[in-house]
Amino acid sequence: MFGDMSKMMGQLQEAQKHVEAAKERLNTILVDGTSGGGLVNVTVTANREVKKIDINENVLEDKEAVEDYLILALNNALKKADAINEQEMAAAAKKGMPFGM
């Protein structure tokens, strides 16, 4: 009984290592979002951290347009980042599942 418990704890620790490695990897994956036909571009990591915002100066005169484009671009990038994040975390968790689940 204790042998099985020890084995399971080891497998859970291994799963945690895979998840932590995946989180680190997600920090290096950059995802772009754009709106307004390229007037606003953003870059985020797959861990949803904003890294860069680029706004074309031609749109800067219209505050409302900039705000709208920025929201659209960020939502676009974050949606892509979420999909990558989910895939990576699911794969990491599956690698360390106890008892071959």
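Structure shown above.
What you are looking at is a predicted structure, and each value in this text was computed from that prediction instead of being measured.

**Q** Now, about a nonpolar patch on the surface: what can you tell me, with residues and values included?
**A** A surface patch of nonpolar side chains, amounting to about 270 Å² of accessible area, comprises Met 5, Met 9 and Leu 12. Topologically, Met 9 is positioned in helix 1 (residues 2-26).

**Q** Hey, could you go over unusual backbone geometry for me, with residue numbers and the actual values?
**A** Here Arg 48, not a glycine, exhibits a phi torsion of approximately 70 degrees, which is positive. You can see Arg 48 is positioned in the loop between strand 2 (40-45) and strand 3 (50-55).

**Q** An account of the nonpolar core is requested, with residue identities and associated values reported.
**A** Within the largest apolar cluster, seven residues are counted, these being Val 31, Val 40, Val 42, Val 44, Ala 73, Ala 77 and Ala 81. With residues near it in sequence (within four places) discarded, Val 40 still touches Gly 33, Thr 34, Ser 35, Asp 54, Ile 55, Tyr 69, Leu 70 and Ala 73. One finds Val 19, Leu 26, Met 89 and Ala 92 within the second-largest nonpolar core, a separate group that totals six residues.

**Q** Tell me about the pairing of strand 3, and please be specific about residues and values.
**A** Where strand 2 lies against strand 3, five bridges are found, and the strand directions are antiparallel. In the sheet register, Thr 43 faces strand 3, and the bridge partner there is Lys 52. Between strand 2 and strand 3, which follow one another and run antiparallel, lie four residues, and Arg 48 among them has a positive phi close to 70 degrees.

**Q** Explain helix 2 (residues 63-95) residue by residue, including any values.
**A** For helix 2, which comprises 33 residues, the first-to-last C-alpha distance of 48 Å matches the rise-based estimate of 48 Å (1.5 Å per residue) to within 8%. When helix 2 is considered as a whole, its buried residues turn out to be Ala 65, Val 66, Ala 73, Ala 77, Ala 81, Asn 85, Met 89 and Ala 92.

**Q** If you had to explain the sheet that holds strand 3 to someone new, which residues and values would you point to?
**A** Reading across the sheet, the three strands line up as 1-2-3 and stay open at both edges, with antiparallel pairing between neighbours. Both edges of this open sheet fall to strand 1 (30-35) and strand 3, since each of them pairs with a single strand only. Adjacent strand axes in the sheet meet at a mean angle of 15 degrees when their direction is disregarded. In this fold helix 2 packs onto strand 1, strand 2 and strand 3, with an angle of close to 145 degrees to the strand it touches most, strand 1.

**Q** Provide a residue-level description of the environment of Asn 85, including the pertinent values.
**A** Mapped onto the elements, Asn 85 comes out in helix 2. Residue contacts for Asn 85: discarding those within four places in its chain leaves Leu 26, Ala 46, Asn 47 and Arg 48.

Reading the values: the criteria
Residues numbered from 1 in each chain as written. Predicted model: local features only at pLDDT ≥ 70, side-chain atom pairs only at ≥ 80, totals over all residues. Heavy atoms only, no water. Patch = residues over 30% accessible without salt bridge, like charges linked within 9 Å, V, L, I, M, F, W, Y side chains within 5 Å. Areas by Shrake-Rupley, 256 points an atom, 1.4 Å probe, with all protein chains shown as cover. Salt bridge = Lys/Arg side-chain N within 4 Å of Asp/Glu carboxyl O. Helix = DSSP H or I, 4+ residues; strand = E, 2+ residues; numbered from the N terminus. Core = buried A, V, L, I, M, F, W, Y, C linked by side-chain atoms within 4.5 Å. Buried < 20%, exposed > 50% of the residue type's maximum accessible area, 1.4 Å probe, protein only. Contact = heavy atoms within 4.5 Å. Pairing = 2+ DSSP bridges. Expected span 1.5 Å × (residues − 1). Axes fitted to C-alpha atoms, helices over the stretch in contact; angles between N-to-C directions.

This is a description of form; function is not addressed.
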